[in-house]
Amino acid sequence: MIPSHAVENFRLCTVFGPERDQLHGYDGHPEIELALARLYEATKKQRYLTLANYFVEQRGMEPHYYDIEYEKRQQSCVPKSDGTPWMIKSKAYSQAHLPLSEQRTATGHAVRFVYLMTAVAHLARLRQNEQQRQICLRLWQNMVRRQIYITKAIVSQGAGEAFSSDYDLPNDTAYAESCASIGLMMFARRMLEMELDGRYADVMERALYNTVLGSIAFDGRHYFYVNPLEVHPKTLRSNGIYNHVSPVRRRWFGCACCPPNIAAFSNRLVIKSTRPASTRSM
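Everything quoted here is computed from the prediction, not taken from an experiment.

(A) Local environment of the packing of helix 4 (residues 46-58) against helix 7 (residues 110-127). Running from N to C, helix 4 and helix 7 cross one another at 130 degrees; their axes reach a closest spacing of 11 Å. Considering their axes alone, helix 4 and helix 7 lie oblique with respect to each other. In this structure, the crossing between helix 4 and helix 7 has a hand that is left-handed. From helix 4, Leu49, Ala52, Asn53 and Val56 reach across to helix 7, where they touch Leu116, Val120, Leu123, Leu126 and Arg127.

Here is the structure:
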């Protein structure tokens, strides 16, 4: 249940948007788009769906919002950064190099990509929008035909935790991040709802068993952040290309996104498996 006062005081809709006195931008790490779409489903307030769609359609438009904000911060009293931030140098890192309607390949930080596409697929179904459906189909096909492992893990490189290029899928240096597989399942689930095609369920199943569940130790307290398909423990200590690889599951990480993400996702799986079909959501 969402408290009514929380919904009414949700100011994001007044801060971002197409009007002159609003910010013409979008988030750096896509997540709010899906949250807004689900908030619309819970409240039936059109403004949340409208803002979710605005964030999706504004991404990649010029002038780039990241450049505008960076210039503002450079001219303000905010401490200057030592170098140009990654998101400014590489717009593809956050899928902001082009409008989504012009993108042809799965690009950039993989978790950002699948979270963004989960929202686009959710919006396409809610809005019955054919253009957004075609974007999802095109980018899904590129990802699953050219940039996915046999285990249905994604992310082939540690640099930027990102996609690289078609068919570049090394076994030993694979990143195959646990969070990316959760995001992949979320994207696949929306595609399944939209297309009613069992191939999307097949991807969900392989990602679940091979990466998401496989990343957790039996005690439920140790995790793999990355899940390469091939590991030589003795080599890891002497070769820097394996700095991101651990031969054993760890209790915690400096960037601790995977353990709580896995815990939250596992809880949703339990809830989905015990609730009537009409009340399930992920």
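(B) Broad picture of the nonpolar core. Grouped together as the largest cluster of nonpolar side chains are 68 residues, with contacts concentrated most on Met117, Trp140, Met143, Ile154 and Met191. Residue assignment for this core shows that the elements contributing at least two residues are helix 3 (32-43), helix 4, helix 5 (65-74), helix 7, helix 8 (130-146), helix 9 (178-195), helix 10 (198-212) and helix 12 (258-274). Looking at which element gives the most residues to this core, the answer is helix 7, with twelve residues. In this view, Met191 contacts Ala121, Cys136, Leu137, Trp140, Leu196 and Tyr200; residues no more than four positions away in its chain are not counted.

(C) Structural view of the packing of aromatic side chains. Enumeration over the complete set of coordinates arrives at ten aromatic pairs. Geometrically, the ring pair formed by Tyr26 and Tyr65 is tilted, given 5.9 Å between the ring centres and 55 degrees between the ring planes. Of the two residues, Tyr26 is situated in the loop between helix 2 (12-15) and helix 3 and Tyr65 in helix 5; the sequence distance between them amounts to 39 residues. Here Tyr26 matches Tyr65 in class, with each residue buried. Where Trp140 meets Phe187, the ring centres are 5.1 Å apart and the plane angle is 80 degrees; that geometry is what we call edge-to-face.

Parameters at a glance
Here the residue index of a chain counts from 1 through its sequence in written order. Per-residue local features are limited, in this predicted model, to residues with pLDDT of at least 70; the limit for side-chain atom pairs, both in listing and counting, is 80 or more; totals at the level of whole chains, interfaces and linings are taken over all residues. To obtain the side-chain values, all non-hydrogen atoms of the structure were used and water was disregarded. The axes used here are C-alpha line fits, helices contributing only the stretch in contact, and every angle between their N-to-C directions lies in the interval 0 to 180 degrees. Going along the chain from the N terminus, every DSSP run of H or I of four or more residues is numbered as a helix, and every run of E of two or more is numbered as a strand. Angular relationships are summarised with four words: roughly parallel below 35 degrees, roughly antiparallel beyond 145, roughly perpendicular across 65 to 115, and oblique for the angles in between. Throughout, a crossing is termed right-handed when the near helix is turned clockwise from the far one, and left-handed when it is turned anticlockwise from it by less than a right angle. Here, two residues are considered to be in contact whenever any of their heavy atoms come within 4.5 Å of each other. Only buried Ala, Val, Leu, Ile, Met, Phe, Trp, Tyr and Cys residues count toward a nonpolar core, and they belong to the same one when joined by side-chain atoms within 4.5 Å. A 1.4 Å probe rolled over the protein chains alone gives each residue an accessible area, and that area as a share of the maximum for its type sets the label: buried under 20%, exposed over 50%, partly exposed in between. The aromatic pairing rule takes the rings of Phe, Tyr and Trp, using the six-membered ring of Trp, and pairs them if the centres are within 6.5 Å, calling planes under 30 degrees apart stacked, those over 60 edge-to-face and the rest tilted.

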